[in-house]
Amino acid sequence: VRLEAADSLNAVAQSVERQYFLSIFRETGGDFEEMAEVLLGDSSRARAIRLRFNQLGLRVRELKS
C-alpha cells in the first residue's frame, strides 16, 4: 500500500481501501465470490463486495483490458 497525501483522512482511507481491493482483485483473478471469502469470510457476500468495488470507482472492464 502506497500512501499519498490527500485533503482528508477519509480520502486517505478510500485510497488505501481502493489499493487493497485492487490487490485482492488481481490475486483472485477478479472472482468476486473469492474476494468476499478473503475480505468477509463469506463467499455469498460477493454482491456487497462488487458494490463497494464500484463505489470506490473501480471498473472491472477497465481492469481486465
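Residues numbered from 1 in each chain as written. Predicted model: local features only at pLDDT ≥ 70, side-chain atom pairs only at ≥ 80, totals over all residues. Heavy atoms only, no water.

Enquirer: Pulling in residues and values, what's your account of the environment of Ser8?
Expert: Relative to the helices and strands, Ser8 is located in the segment before helix H1 (9-27). Within the local environment of Ser8, its side chain forms a polar contact with the backbone nitrogen of Ala11, the two atoms lying 3.1 Å apart. (Helix = DSSP H or I, 4+ residues; strand = E, 2+ residues; numbered from the N terminus. Polar contact = N/O pair within 3.5 Å; in protein donor to acceptor, adjacent residues only side chain to side chain.)

Enquirer: Please provide a residue-by-residue account of the packing of helix H2 (residues 32-40) against helix H3 (residues 46-55), values included.
Expert: It is at 8 Å that the axes of H2 and H3 come closest, and there the two elements cross at 95°. Taken together, H2 and H3 sit at an angle that is classed as roughly perpendicular. Residue-level contacts link Phe32, Glu33, Met35, Ala36, Leu39 and Leu40 of H2 to Ala46, Ile49, Arg50 and Phe53 of H3. Tallied by class, the residues present in the contact of H2 with H3 amount to 8 nonpolar, no polar and 2 charged. (Axes fitted to C-alpha atoms, helices over the stretch in contact; angles between N-to-C directions. Parallel < 35°, antiparallel > 145°, perpendicular 65-115°, else oblique. Contact = heavy atoms within 4.5 Å. Nonpolar A, V, L, I, M, F, W, Y, C, P; charged D, E, K, R; others polar.)

Enquirer: So what about a negative patch on the surface? Which residues, and what values?
Expert: Together, Asp31, Glu33, Glu34 and Glu37 make up a negatively charged patch on the protein surface. Relative to the assigned elements, Asp31 resides in the loop between H1 and H2. (Patch = residues over 30% accessible without salt bridge, like charges linked within 9 Å, V, L, I, M, F, W, Y side chains within 5 Å. Areas by Shrake-Rupley, 256 points an atom, 1.4 Å probe, with all protein chains shown as cover. Salt bridge = Lys/Arg side-chain N within 4 Å of Asp/Glu carboxyl O. Lys, Arg positive; Asp, Glu negative; His and termini not counted. Charge placed at Lys NZ, Arg CZ, Asp CG, Glu CD.)

Enquirer: Please give an account of the pattern of salt bridges that cites residues and values.
Expert: Taken as a whole and judged by the stated rule, the model has 1 salt bridge. Between Glu17 and Arg52 there is a salt bridge, with the nearest N and O atoms lying 2.7 Å from each other. Of this pair, Glu17 sits in helix H1 while Arg52 sits in helix H3; the two residues are 35 residues apart in sequence, bridging distant segments of the chain. A relative accessible area of 24% places Glu17 in the partly exposed class. (Buried < 20%, exposed > 50% of the residue type's maximum accessible area, 1.4 Å probe, protein only.)

Enquirer: An account of the side chain of Thr28 is requested, with residue identities and associated values reported.
Expert: Mapped onto the elements of the fold, Thr28 is located in the loop between H1 and H2. On the accessibility criterion, Thr28 (10% relative accessible area) is buried. Contact partners of Thr28, with chain neighbours within four places excluded, come to Glu34 and Met35.

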